[in-house]
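One-letter residues, chain by chain:
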Amino acid sequence: MSVNPFYRLSPFIQEYIYAHRWDELRDIQIEACRAIFDTDTHLLLASGTASGKTEAAFLPALTLLEQKPAKSLGILYIGPLKALINDQFYRLEHLLEEAHIPLWHWHGDVSAQHKQKLLTAPLGVLQITPESLESVLINHQKHLVRLFSDLRFVIIDEVHVFMGTDRGGQILCQLERLEKYMWHLPRRIGLSATLGDYSQAQQWLRASTTRSVTVPTIRNTGQKLRLSLEHFTNPKEPNSTYIPHIFNRSRLPQGKCLLFANSRAETEEIIGSLQDMAKQKQMADIYHVHHGSVAAALRKSAEDAMRDPSRPAIAAATVTLELGIDIGQLERVIQLGSPFSVSGFLQRLGRSGRRGNASEMEIITTEDTSEYQWMADVLPWQLVQAIAIIQLYLEERWVDPVTLARYPLGLLYHQTMSVLGAAGQLSPAALAQRVLSLTAFSHITQSEYRELLLHLIELDHIQEMEDTNQLILGLAGAKIVNNFHFYAVFSERLEFAVQDGSMQVGSILTPPLPGERFSLAGRAWQVLEVDDQRRIVFVRKADSGSNISWSGSTGFIHERVIQKMKDVLLSNAQYPYLQPQAKERLNQGRDLARKLSLAKQNLIKIDINQYCVFPWLGSRGFRTLERLFKYGINQRISMQISGVKYPYYFIIK
């Protein structure tokens, strides 16, 4: 294409670019314009955080929509988080006002009035979560033609988050179910900052369609990285320098720092410790907490503080700020504990270094010697895991591949109930045809599906009407489908809302007793009353609190990461980003690995009847082997597992 893509964009977009003083379109935006204007393919845009992917997708798509307005919604944007949708909504709102293109968002925090206005005049752009799209399919079937008949584009943000998960399968099922209400099939645009296997992502994005997927080649400008890795032993001891180190590294003059932790409890704990230190030093409280159990208003307050260029701010977060929410210019990212994956490491690293600056991350790992039970505990597992993840990216540019499920049985149940709930009643043959025709269930046979339906009839999730042989939801099934938790294909925890007067603070899984104190949203609270029936904990502010734990599984670790950990332990390689304590601790770990002869054997004798097994497998292989020992081998020989360090080793007796 000889014409500069800028001049093919709609005038209102050109004016927007001039008003925001963009020097030029970025490479990814130029290539996206070429693909969208000059081809009819789907499009996969994969590049780093803050590289302009969102604008690359929307600017040419909006140009085509403005040139030829759709008679229904023209663009459907599907995002993984409500906060991400809210962020994109604010970014697009001013752009679309000039073109008089309506912009809508739909999720659990959006008012019913806003949703009703959309149903009345479904035009423009809709931003939605998979769960809310499921709700639309079930509860607004009569509006589906008016909503989606002339849909032109489906933009799926953070596709790496969806691929290989039931939630991603849910999106593909939803798009296929919508096809019968459309005059033509829309083009799909996938956005991602971290992809390992592009061909796998292309296959996922084009599922059920005949269009090919264009993946533009983006010029690599050379990402600048500043990495450091430090290690602390016994961080909770009174004389530990762990908290002072984080305090000094995170508190930047007029700057922003984002602390990532691997659990919500850790975010609360670290912010509480930093607040205490700031109070002792008579310094301002600039700390915020951002995770899924913090109320939406307080999460937004944290995001606003991080965006505000006029004052410093520090936020501790989990995955809720890992994705593409715009939180302004970050000077530094600090990761507490090793990341579980290379993709997670890259997502978090990419939150800093915007506007051409270097991406800066410090990883801080810890270990507690009081937890040592076996010689193998003395190996610095978290430190070695962090090094392995960094090196896999630096040396090989390796990113964790995605495993696509052949038999997504949980999703199969979910979509069966959703399709039947939306239709009201269907014959067994019609239900099987609608569900098994979905690409996600291509490996499910008719006989297997019949077995599932018979089982659901036994459970009263489905009922067969005697006079017509039609299937409807049973009493137990209707109770499940009519609960808003059903819209999420992943399991929902029923938490207690935490309320201070009329203000929603957040939620916790298990409430403390009246009079007890706990920490949430970076503040201490005292329990006044627990309403078990309404699942509300009434609180007031307190001077200090204790930790609240949330349930959750340990992260999934790929086998390649574990194998790289073994390489790190057994090599003599030096890593320039290691700080003094981390370097010393790695050398100690390597000395122990040599004494244990880990290069030659996976089985270490502890005493006369106990052995330590080092499988060097990832999460899936480790869990499989663990179950084999627990439920298979032990029935044939006298053997049992007496200790586990997931997913590094286990002790057999």
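Shown above is the structure to which this text applies.
Here is a short report on the structure shown in this document. The structure presented is a predicted model; accordingly, all values stated were derived computationally and were not measured.

Overview of the overall build of the protein
The secondary structure content of the protein amounts to 22 helices and 24 strands. In summary, the protein has a C-alpha radius of gyration of 26 Å against a globular reference of 26 Å for 653 residues, a match within 12%. The C-alpha extent of the protein, read off along each of the three principal axes, is 70 × 65 × 55 Å. The proportion of buried residues among the 653 residues of the protein is 55%. Sequence separation of 24 or more characterises 71% of the internal contacts of the protein that already satisfy a separation of 6 or more.

Some details on the packing of aromatic side chains
Counted by the stated rule, this structure contains 16 aromatic pairs. Geometrically, the ring pair formed by F232 and Y242 is edge-to-face, given 5.6 Å between the ring centres and 70° between the ring planes. One end of the pair, F232, is in strand 8 (residues 225-233); the other, Y242, is in helix 11 (residues 242-250), and ten residues separate them in sequence. Of the two residues, F232 and Y242, both sit in the buried class. Centre to centre, the rings of F629 and F650 are 5.1 Å apart; their planes meet at 65°, and the pair counts as edge-to-face. Separated by 21 residues along the polypeptide, F629 in helix 22 (residues 619-631) and F650 in strand 24 (residues 649-652) bring together distant segments of the chain.

A closer look at the packing of helix 1 (residues 11-19) against helix 3 (residues 53-67)
One can describe the packing of helix 1 onto helix 3 by two numbers: an axis separation of 9 Å at closest approach and a directional angle of 145°. Side by side, helix 1 and helix 3 meet where F12, I13 and I17 of the first sit next to L59, L62, T63 and E66 of the second. Tallied by class, the residues present in the contact of helix 1 with helix 3 amount to five nonpolar, one polar and one charged.

A few points about the sheet that holds strand 13 (residues 359-367)
Here six strands make up an open sheet; going across it, the order is 8-13-12-9-11-10 and the pairing parallel. Where the open sheet ends on each side, the last strands, each with one partner, are strand 8 and strand 10 (287-290). Taking each pair of neighbouring strands and ignoring which way they run, the sheet shows an average axis angle of 20°. Sheet topology note: the strand 12 (residues 332-336)/strand 13 ladder contains four bridges and is parallel. Each bridged residue has a counterpart across the sheet, and for Q335 the counterpart in strand 13 is I363. On top of the sheet, helix 21 (residues 580-595) reaches strand 8 and strand 13; it is set at about 65° to strand 8, its chief contact.

Comments concerning the sheet that holds strand 1 (residues 42-46)
Taken together, seven strands build an open sheet; the order of strands is 3-4-2-5-6-1-7 and the sheet is parallel. The open sheet has two edge strands, strand 3 (103-106) and strand 7 (213-214), and neither has a second partner. Against the sheet, helix 3 contacts strand 1, strand 2 (73-78), strand 4 (124-128), strand 5 (153-156) and strand 6 (187-192), and its axis sits at roughly 165° relative to strand 2. Docked against the sheet, helix 5 (residues 112-120) engages strand 2, strand 3 and strand 4, running at close to 125° with respect to strand 3.

Quick notes on the nonpolar core
Judged by nonpolar contacts, the single largest core of 97 residues is most densely connected at L62, F345 and F614. Considering every element that reaches this core, the biggest residue donor is helix 15 (residues 381-396), with ten residues. Once residues lying within four places of it in the same chain are set aside, the contact partners of F345 are L227, P339, M361, I363, I389, I390 and Y393. Among the nonpolar cores identified, the runner-up in size contains 36 residues, and A46, L151, V154 and F162 belong to it.

Some remarks on the packing of helix 16 (residues 409-423) against helix 18 (residues 446-458)
The geometry of helix 16 relative to helix 18 is characterised by a closest axis approach of 12 Å and an angle of 65° between their N-to-C directions. Looking at the two axes, helix 16 sits roughly perpendicular to helix 18. Crossing of helix 16 over helix 18 shows right-handed handedness. Contacts from L412, Y413, T416 and M417 in helix 16 reach Y449, L452, L453 and L456 in helix 18. Taken together, the residues of the contact of helix 16 with helix 18 sort by class into seven nonpolar, one polar and no charged.

Criteria and cut-off values
- Residues numbered from 1 in each chain as written.
- Predicted model: local features only at pLDDT ≥ 70, side-chain atom pairs only at ≥ 80, totals over all residues.
- Heavy atoms only, no water.
- Helix = DSSP H or I, 4+ residues; strand = E, 2+ residues; numbered from the N terminus.
- Rg over C-alpha atoms; globule rule 2.2 N^0.38 Å.
- Buried < 20%, exposed > 50% of the residue type's maximum accessible area, 1.4 Å probe, protein only.
- Contact = heavy atoms within 4.5 Å.
- Phe/Tyr/Trp six-rings, centres within 6.5 Å; stacked < 30°, edge-to-face > 60°.
- Axes fitted to C-alpha atoms, helices over the stretch in contact; angles between N-to-C directions.
- Nonpolar A, V, L, I, M, F, W, Y, C, P; charged D, E, K, R; others polar.
- Pairing = 2+ DSSP bridges.
- Core = buried A, V, L, I, M, F, W, Y, C linked by side-chain atoms within 4.5 Å.
- Parallel < 35°, antiparallel > 145°, perpendicular 65-115°, else oblique.
- Left-handed = near helix turned anticlockwise from the far one by under 90°.

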